[in-house]
Amino acid sequence: MRANLPINLINVADTQEIPNSQEIFVYRDSGASIIIDILQKVNIEDPEAAAKFHLDAIAEDNDSMEHNSSIVQRPITNELCPIVLDGHQVLKKAGSIHHLRTLFALFRVKGKHHDVVVSFNIPTETGQGRGRNGAVTAEQEQLIALDFYGVVDSLRIVDYNLFAV
């Protein structure tokens, strides 16, 4: 797979072991992260319902106290036709309430038993206000959202053999 990633990222694989089916990057100047996963295709035909299923699973993995999401309607410039969601979670971490925005894209891989998920996790509040303790400022949030759409629009599968049966 190929995608245009932002330049100011740290590849987590350089410092810790991560699964072969996953790529994780973090922004140098905030607690925001990018996760690209190759997952087993969920047995849900409706792409929007499948995207919601995956995003709900992320919220569950995060022990989210509350979460919601909405479909993002926008012109599709990627031939893979991703489903895009904008999600929000409320988490309790280290005794304080944290708010996390997750920009999420599901790519259904035709003819294969896999889904590709791109998620940008953007901490908007970490108990100490915006721009503190890993939380992004409003300006950073807007720039990261632009990065997300750049990745989603540029993602291409160059070798379908990557998706073994």
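As a reminder, the structure under discussion sits directly above these lines.
Bear in mind the structure is a predicted one, so any value in this text is a computation, not a measurement.

(A) Spotlight on the side chain of Ser33. For Ser33, the position within the fold is in strand β3 (residues 33-40). Ser33 gets classed as buried once you look at its relative accessible area, which sits at 14%. Apart from the residues within four sequence positions on either side, Ser33 is in contact with Phe25, Val26, Tyr27, Ser119, Phe120 and Asn121.

(B) Expanded view of empty space enclosed by the protein. Summed over the entire model, instances satisfying the criterion amount to one cavity of 30 Å³ or more. Looking at the largest cavity, its volume works out to about 50 Å³. Lining of the largest cavity is provided by Leu55, Asp56, Ala59, His67, Asn68, Ser69, Gly87, His88, Gln89 and Thr102. Elements with a minimum of two residues in the lining of the largest cavity: α1 (47-61), β4 (66-71) and β5 (83-93). The class makeup of the residues in the lining of the largest cavity is two nonpolar, seven polar and one charged.

(C) View of α1. Here α1 is 15 residues long and its end C-alpha atoms lie 21 Å apart, about the 21 Å a rise of 1.5 Å per residue gives. Those residues of α1 that fall on the buried side of the exposure criterion are Ala50, Ala51, His54, Leu55 and Ala59. Contacts from the buried residues of α1 go to β3, β4, β5, β6 (96-108) and β7 (114-125). Asp63 sits one or two residues past α1 and shows a positive phi near 55°.

(D) Broad picture of the nonpolar core. One finds Phe107, Val118, Phe120 and Phe148 to be the most contacted residues of the largest nonpolar core, which totals 27 residues. Among the secondary structure elements, those contributing two or more residues to this core are β2 (22-27), β3, β6, β7 and α2 (138-154). When residues in this core are grouped by element, the largest group, six residues, is from α2.

(E) Spatial organisation of the packing of aromatic side chains. One pass over the full model with this rule turns up three aromatic pairs. Both rings, one in Phe120 and one in Phe148, keep their centres 5.3 Å apart while their planes meet at 80°; by these two values the pair is edge-to-face. A residue pair is termed long-range when its members are at least 10 positions apart, and Phe120 in strand β7 and Phe148 in helix α2 qualify at 28 residues. With a centroid separation of 6.3 Å and 50° between ring planes, the pair formed by Tyr160 and Phe163 is classed as tilted.

(F) Main features of the pairing of β5. With eight of its eleven residues buried, β5 lies for the most part within the structure. Looking at chain direction, β4 and β5 are connected through six bridges and run antiparallel. Across the sheet, Ile71 pairs through a bridge with Leu85, a residue of β5. Strand direction decides the pairing type here: β5 and β6, joined by eleven bridges, are antiparallel. Bridging from a neighbouring strand, Val84 pairs with Ala105 of β6. Counting the residues that bridge the hairpin from β5 to β6 gives two residues, and of these Ala94 lies at a positive phi of roughly 50°.

Rules of the game
Residues numbered from 1 in each chain as written. Predicted model: local features only at pLDDT ≥ 70, side-chain atom pairs only at ≥ 80, totals over all residues. Heavy atoms only, no water. Helix = DSSP H or I, 4+ residues; strand = E, 2+ residues; numbered from the N terminus. Buried < 20%, exposed > 50% of the residue type's maximum accessible area, 1.4 Å probe, protein only. Contact = heavy atoms within 4.5 Å. 1 Å grid on protein atoms, 1.4 Å probe; cavity = no way out; pocket = protein on both sides within 12 Å on 5 of 7 lines; lining within 4 Å. Points joined across faces, edges and corners; volume = space filled by probe spheres on them. Nonpolar A, V, L, I, M, F, W, Y, C, P; charged D, E, K, R; others polar. Expected span 1.5 Å × (residues − 1). Core = buried A, V, L, I, M, F, W, Y, C linked by side-chain atoms within 4.5 Å. Phe/Tyr/Trp six-rings, centres within 6.5 Å; stacked < 30°, edge-to-face > 60°. Pairing = 2+ DSSP bridges.

The values are spatial; any link to function lies outside them.
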